[in-house]
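# Structure at a glance
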Amino acid sequence: MERDRWLSVVLRTALLVLFVWMIRTILVPIALGGLFALLLSPLAEKVKPRLGRAEPLTPLLFTFGTIILVVIPFAFITVEAIQSINDFLARDWTPTIQRFQSFLTEGIDIRGRSIHIGGPQLQLAIQNIGQRAASFAASFVGGMATALPAFILSLFLFGVSLYYFLRDGGKLVRWMFRLSPFPPSQTRELFASVRETVNGAILGILATAVVQGSLTLLALHLFGVPNAFLLGVLAALLSFIPLVGTTPVTVGATIYLFVTNHVGGAIGMGISAVLIGLSDNVVRPWVQSSSTRMHPLIALLGIFGGLDLFGPVGVFLGPVIAAMAVWTVDTYAKLHHASRREATTPPVDASVPPPENPPVP
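- The name given to the protein chain in an unreviewed UniProt entry is AI-2E family transporter, with Polyangium sorediatum as the source organism.
- Comment text from UniProt for the protein chain, heading Subcellular location (unreviewed entry), reads "Membrane".

Okay, here's the thing in structure tokens:
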């Protein structure tokens with residue numbers, strides 16, 4: 001009997017592992033659809049009674065609304081950013097490189113003294129950087145073209161999973177709640193933590209876009225770059241794309257100022273580009289931690305770890321995994337503290353009866 005039970009457990013585990021291994025390459029868009037459904041489900045429950053006879057179509061309407069309002073603009077911005085980066089790197093930079101070389105070799109005049117920092121080695125290094133940038137642009141665009149079918153498949157899986165999670169998410173949550181090996185209170189805390197983390201990730205992305213767009217607009221206006229407002233709006237939109245961010249706008253403005261003989265403005269814009277890029281690492285974890293009661297360092301590690309493991313969608317999945325890890329440690333600490341308190345509490349002597357009339361304070 002014991003042997004049959006262990007055999008049953010091994011077979012069940014093997015089947016589950018085989019299924020997860022089989023769908024491992026498409027789990028990310030499905031998980032992302034589940035997280036979006038978790039975020040949109042409260043709003044869907046509020047809208048559903050107002051639709052009348054169209055109430056059964058609520059999941060479908062929210063799915064199409066999410067794809068039209070979120071996914072398609074995000075994909076359009078990503079394609080435009082990639083095209084802009086490709087055009088930026090594919091143009092002829094020979095005059096700019098020559099000008100930069102002459103600027104360094106002729107020297108920098110500081111209070112009447114000329115400081116020469118150029119040389120053949122520096123010129124060779126600049127040429128190598130230009131060649132590497134061109135080859136990187138070609139490989140990057142080629143890789144994106146190859147990944148287009150996979151992106152279409154991921155978009156389809158995201159839409160389908162979002163629809164079914166919105167339609168049957170309540171049943172799934174109740175099923176997971178019944179199967180959870182943890183006490184009901186801990187399971188509720190886990191579900192609440194995941195929901196708060198997703199909300200925090202959305203707020204972090206929006207706050208980062210506002211901050212980086214505003215800082216970029218201020219820097220562009222301060223250093224006299226034309227069309228500062230439109231470029232600031234573009235920088236805010238590009239900040240939604242992880243690993244790209246405002247770099248095309250800020251670096252492009254720096255090169256533009258340098259080419260147009262505004263050396264001081266180019267240096268200031270370059271410094272601003274670095275500061276604006278680093279602001280993402282401050283604003284996003286701070287908003288994430290303030291929304292989820294997670295330490296900013298843990299939130300930062302979750303964001304960077306998620307980006308490294310899952311790619312751009314790691315902005316959502318990384319903090320969720322970090323929140324589940326924090327929940328694991330927190331619940332274990334609570335259980336350990338409760339067990340120690342029970343162990344140190346002296347036993348009650350049942351042979352001594354309680355007082356009949358205890359004093360009233």
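### Points about helix α10 (residues 263–292)
- Along its 30 residues, α10 runs 44 Å from first to last C-alpha, staying within 8% of the 44 Å computed at 1.5 Å per residue.
- Phi turns positive one or two residues past the end of α10, at R293, with a value near 60°.

### Examining the packing of aromatic side chains
- Tallied over the full model, the rule gives four aromatic pairs.
- Between F36 and F158, the aromatic rings sit 5.4 Å apart at their centres with planes inclined by 90°, giving edge-to-face as the arrangement. Linking F36 in helix α2 (residues 27–47) with F158 in helix α6 (residues 148–179), this pair joins segments that are 122 residues apart in sequence. Grouping residues by exposure puts F36 and F158 together as buried.

### Some points on the packing of helix α7 (residues 184–222) against α10
- Closest axis-to-axis distance for the α7/α10 pair is 8 Å, and the angle between their directions is 155°. Classified by the interaxial angle, the pair formed by α7 and α10 is roughly antiparallel. In terms of crossing hand, the pair formed by α7 and α10 is right-handed.
- By residue class, the composition of the contact of α7 with α10 is twelve nonpolar, twelve polar and three charged.

### Examining unusual backbone geometry
- A positive phi angle, near 55°, is found at N227, a position not held by glycine.
- For N227, the position within the fold is in the loop between α7 and α8 (228–238).

### Describing helix α11 (residues 296–310)
- Spanning 15 residues, α11 covers 21 Å between terminal C-alpha atoms, matching the ideal 21 Å at 1.5 Å per step.
- Within α11, the full set of buried residues consists of A299, G302, I303, G306 and L307. Along the long axis of α11, the arc covered by the buried residues comes to 125°, so they all point the same way. The outward face of α11, more than 90 degrees from its buried face, is lined by the exposed residues L301, D308 and L309.

### A look at the pattern of salt bridges
- Going through the model one piece at a time under the given rule, you end up with three salt bridges.
- Of the charged contacts, one joins E45 and K48 as a salt bridge, the two residues approaching to 3.6 Å between their closest N and O atoms.
- Here D280 and R284 are joined by a salt bridge, their closest N and O atoms 2.9 Å apart. Of this pair, D280 and R284 both sit in helix α10, four residues apart, which is roughly one turn of that helix.

### Details of the side chain of T187
- Relative to the helices and strands, T187 is located in helix α7.
- Judged by its relative accessible area of 2%, T187 is buried.
- Not counting chain neighbours up to four residues away, the residues in contact with T187 comprise F177, S180 and F182.

### Regarding the side chain of T63
- Positionally, T63 belongs in helix α3 (residues 58–90).
- Under the relative-accessibility criterion, T63 is labelled buried at 6%.
- In contact with T63, not counting residues within four places along its chain, are G159, L162, Y163 and L166.

### As for the nonpolar core
- Among the nonpolar cores identified, the biggest contains 25 residues, and L32, L35, F36, F158, L162, L166 and F316 are the most heavily contacted of them.
- Counting residues per element, the ones that place at least two in this core are α2, α3, α6, α7, α11 and α12 (314–344).
- In terms of residue count, α2 provides more of this core than any other element does, six residues in total.
- What F316 contacts, discounting residues up to four positions off in sequence, is L32, L35, F36, A201, I202 and I205.
- Listed in part, the 14 residues of the second largest apolar core include V225, A228, I241 and V249.

### Some remarks on a nonpolar patch on the surface
- On the surface, L57, L60, L61, F64, I68, L69, V70 and I72 cluster together into a nonpolar patch covering about 760 Å² of accessible area.
- Here F64 lies in helix α3.

### Thoughts on the packing of helix α9 (residues 247–259) against α10
- Viewed as axis vectors pointing N to C, α9 and α10 meet at an angle of 170°, and their least axial separation amounts to 8 Å. It follows that α9 is roughly antiparallel to α10 by the angle criterion. Packed against α9, whose contacting residues are T250, A253, T254, L257 and F258, the element α10 presents V263, G265, A266, M269, G270, A273 and I276 at the interface.

### Observations regarding the UniProt feature "transmembrane region" (unreviewed entry) in the protein chain
- UniProt records the feature "transmembrane region" (unreviewed entry) for residues 12–40, 60–82, 136–166, 201–222, 229–249, 255–276 and 297–327 in the present numbering.
- With 86% helix and 0% strand, the stretch residues 255–276 has end C-alpha atoms that lie 16 Å from each other.
- With 90% helix and 0% strand, residues 297–327 has end C-alpha atoms that lie 16 Å from one another.

### Section: the environment of A150
- Relative to the elements of secondary structure, A150 occurs in helix α6.
- For the pair A150 and I26, spaced 124 residues apart in sequence, the C-alpha to C-alpha distance is 9.6 Å.

### Some remarks on the environment of A323
- Following the sequence through the fold, A323 ends up in helix α12.
- Its relative accessible area of 4% is what places A323 among the buried residues.
- For the pair A323 and R195, spaced 128 residues apart in sequence, the C-alpha separation works out to 10.0 Å.
- If we skip the residues at most four places from it in the chain, A323 touches S193, T197 and M294.

Cut-off values and rules
- Residues numbered from 1 in each chain as written.
- Predicted model: local features only at pLDDT ≥ 70, side-chain atom pairs only at ≥ 80, totals over all residues.
- Heavy atoms only, no water.
- UniProt positions renumbered as here; feature names shortened; annotations may be inferred.
- Helix = DSSP H or I, 4+ residues; strand = E, 2+ residues; numbered from the N terminus.
- Expected span 1.5 Å × (residues − 1).
- Phe/Tyr/Trp six-rings, centres within 6.5 Å; stacked < 30°, edge-to-face > 60°.
- Buried < 20%, exposed > 50% of the residue type's maximum accessible area, 1.4 Å probe, protein only.
- Axes fitted to C-alpha atoms, helices over the stretch in contact; angles between N-to-C directions.
- Parallel < 35°, antiparallel > 145°, perpendicular 65-115°, else oblique.
- Left-handed = near helix turned anticlockwise from the far one by under 90°.
- Nonpolar A, V, L, I, M, F, W, Y, C, P; charged D, E, K, R; others polar.
- Arc of directions from axis to C-beta.
- Salt bridge = Lys/Arg side-chain N within 4 Å of Asp/Glu carboxyl O.
- Contact = heavy atoms within 4.5 Å.
- Core = buried A, V, L, I, M, F, W, Y, C linked by side-chain atoms within 4.5 Å.
- Patch = residues over 30% accessible without salt bridge, like charges linked within 9 Å, V, L, I, M, F, W, Y side chains within 5 Å.
- Areas by Shrake-Rupley, 256 points an atom, 1.4 Å probe, with all protein chains shown as cover.

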